[in-house]
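Residues per chain, in single letters:
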Amino acid sequence: MTAELTGHRELPRTDDLAPLPYRLGVPLRLVVRQYFRRRYDLTVHREDLFPRTGPVLMAPNHLGLLDGPLLGAIAPRMVHQLGKIEAFTGLQGKVLVRVGQIPIDRSAYDVLAIRRAIQVLRADRVLTIYPEGRRGPGDFRRMRTGVAYLAAVTGTPILPVALLGTRQPGGDVERFPPRGTRLDVVYGEPFTVERVPFPRRHSDLRVIADQIGDVLRAHVQAAVAATGNPLPGMPDQKDPDE
């Protein structure tokens, strides 16, 4: 376990939280991975760049409904993902919780979700956070400050991820791409940002988010150029929960 994360006094307390379950997620993601590889023309690029140990902040672009399940299934390590609280209802919500996923209320400052995220990183595990905050064109044009906060307070490396093909051009964000669709997942070079001591102002995090955005935008542009698989553009309707 990373000493800097376990002992840093400026981080929120997490030792009072129950451990996140994940053991069900290990066999489940193997089954889902095989399904995706049969259903789609899937290529994973530069998997060697994925850190095999230590905490990781995975920062993918967000195109459509397939993004979360796909990343959770194909990543070399078990992944905990921050997802909108609206998805954590009924049977689906129970399954998401059992496999270690974290609901977040995007309409408020969700302290529990932040503590859960830091708990994951303190345990040297992988956390996915979508810097764009919602499904859209996937070009990292809009950056929220969540990834900047977690990176600035923990020093965890950020892993850029470009998802290509997970939504059809102009398609509905609530639909999976049809069978046989070409999907490319492109990992980038992990990088870190400067630690920001307490007190941290929103303007400080905004600057860091913009710096992270520059790296992520360059990565997704390079991924499109290298694979020839374009971004889909704006969806034909907004996420109904936005």
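Read on for an overview of the structure. (Residues numbered from 1 in each chain as written. Predicted model: local features only at pLDDT ≥ 70, side-chain atom pairs only at ≥ 80, totals over all residues. Heavy atoms only, no water.)

## Topic: the overall build of the protein
Then, number 1: Across its full length, the protein carries seven helices and seven strands.
Then, number 2: When the elements of the protein are put in sequence order from the N terminus, they spell out α-α-β-β-α-β-α-β-α-β-α-β-β-α.
Then, number 3: Relative to the compact-globule value of 18 Å for 242 residues, the protein shows a C-alpha radius of gyration of 17 Å, a close match.
Then, number 4: If one aligns the C-alpha atoms of the protein with their principal axes, the spans along those axes are about 50 × 35 × 35 Å.
Then, number 5: Counting every position in the protein, which comprises 242 residues, the buried fraction comes to 51%.
Then, number 6: With an accessible surface of roughly 11700 Å², the protein has 56% of that area assigned to carbon and sulfur atoms.
Then, number 7: For the protein, the separation between the mean place of its 34 positive charges and that of its 26 negative charges on side chains is 5 Å. (Helix = DSSP H or I, 4+ residues; strand = E, 2+ residues; numbered from the N terminus. Rg over C-alpha atoms; globule rule 2.2 N^0.38 Å. Buried < 20%, exposed > 50% of the residue type's maximum accessible area, 1.4 Å probe, protein only. Areas by Shrake-Rupley, 256 points an atom, 1.4 Å probe, with all protein chains shown as cover. Lys, Arg positive; Asp, Glu negative; His and termini not counted. Charge placed at Lys NZ, Arg CZ, Asp CG, Glu CD.)

## A closer look at the packing of helix 6 (residues 146-154) against helix 7 (residues 202-227)
Then, number 1: Helix 7 packs onto helix 6 with a crossing angle of 100° between their chain directions and a minimal axis gap of 8 Å. One finds that helix 6 runs roughly perpendicular with respect to helix 7. Where helix 6 approaches helix 7, its residues Val-147, Ala-148, Tyr-149 and Ala-152 are matched on the opposing element by Leu-205, Ile-208, Ala-209 and Ile-212.
Then, number 2: Split by residue class, the contact of helix 6 with helix 7 holds eight nonpolar, no polar and no charged. (Axes fitted to C-alpha atoms, helices over the stretch in contact; angles between N-to-C directions. Parallel < 35°, antiparallel > 145°, perpendicular 65-115°, else oblique. Contact = heavy atoms within 4.5 Å. Nonpolar A, V, L, I, M, F, W, Y, C, P; charged D, E, K, R; others polar.)

## Structural notes on the nonpolar core
Then, number 1: Of all hydrophobic cores here, the largest spans 37 residues; its most connected members are Leu-57, Leu-127, Leu-150, Ile-158 and Ile-212.
Then, number 2: Contacts of Ile-158, omitting those with residues within four sequence positions, involve Leu-57, Ala-59, Val-147, Ala-151, Glu-189, Pro-190, Phe-191, Val-193 and Ile-212.
Then, number 3: Residues Val-56, Val-79, Leu-163 and Tyr-187 belong to the second largest nonpolar core, which totals 21 residues. (Core = buried A, V, L, I, M, F, W, Y, C linked by side-chain atoms within 4.5 Å.)

## Some words on the pairing of strand 3 (residues 79-84)
Then, number 1: Here strand 3 lies mainly inside the structure; six of its six residues are buried.
Then, number 2: Sheet analysis places strand 3 next to strand 5 (residues 126-128), joined by three bridges and oriented parallel. In the sheet register, His-80 faces strand 5, and the bridge partner there is Leu-127.
Then, number 3: Looking at chain direction, strand 3 and strand 4 (residues 102-104) are connected through three bridges and run parallel. Across the sheet, Lys-84 pairs through a bridge with Ile-104, a residue of strand 4.
Then, number 4: Following the backbone out of strand 3, through helix 4 (residues 90-98) and into the adjacent parallel strand 4, one traces a crossover that is right-handed. (Pairing = 2+ DSSP bridges. Right-handed = clockwise from strand over helix to strand, strands pointing away.)

## A few points about a nonpolar patch on the surface
Then, number 1: A cluster of nonpolar side chains, Leu-28, Leu-91 and Val-95, forms an exposed patch at the surface whose accessible area comes to about 270 Å².
Then, number 2: Given the relative accessible area of 35%, Val-95 is considered partly exposed. (Patch = residues over 30% accessible without salt bridge, like charges linked within 9 Å, V, L, I, M, F, W, Y side chains within 5 Å. Salt bridge = Lys/Arg side-chain N within 4 Å of Asp/Glu carboxyl O.)

## A look at the packing of aromatic side chains
Then, number 1: Summed over all chains, the structure comprises three aromatic pairs.
Then, number 2: When the ring of Tyr-35 is compared with that of Phe-36, the centres are 5.7 Å apart and the planes differ by 50°; the resulting orientation is tilted.
Then, number 3: Under the relative-accessibility criterion, Phe-36 is labelled buried at 6%.
Then, number 4: Measuring from centroid to centroid gives 5.3 Å for Phe-50 and Tyr-187, while their planes differ by 85°, and the two rings are edge-to-face. With Phe-50 in the loop between strand 1 (41-45) and strand 2 (56-60) and Tyr-187 in strand 7 (residues 182-187), this residue pair connects regions lying 137 residues apart in the sequence.
Then, number 5: What makes Phe-50 buried here is its relative accessible area of 1%. (Phe/Tyr/Trp six-rings, centres within 6.5 Å; stacked < 30°, edge-to-face > 60°.)

## Considering the sheet that holds strand 3
Then, number 1: On the basis of which strands lie adjacent, the open sheet formed by seven strands has the order 1-7-6-2-5-3-4 and mixed pairing. The open sheet terminates on both sides in strands that have one partner only, identified here as strand 1 and strand 4. Neighbour-to-neighbour, the strand axes of the sheet open up by a mean angle of 20°, direction not taken into account.
Then, number 2: With four bridges connecting them, strand 2 and strand 6 (residues 158-164) associate as parallel partners. The partner of Leu-57 across the bridge, within strand 6, is Ile-158.

These results come straight from atomic positions and should not be treated as a statement about function.
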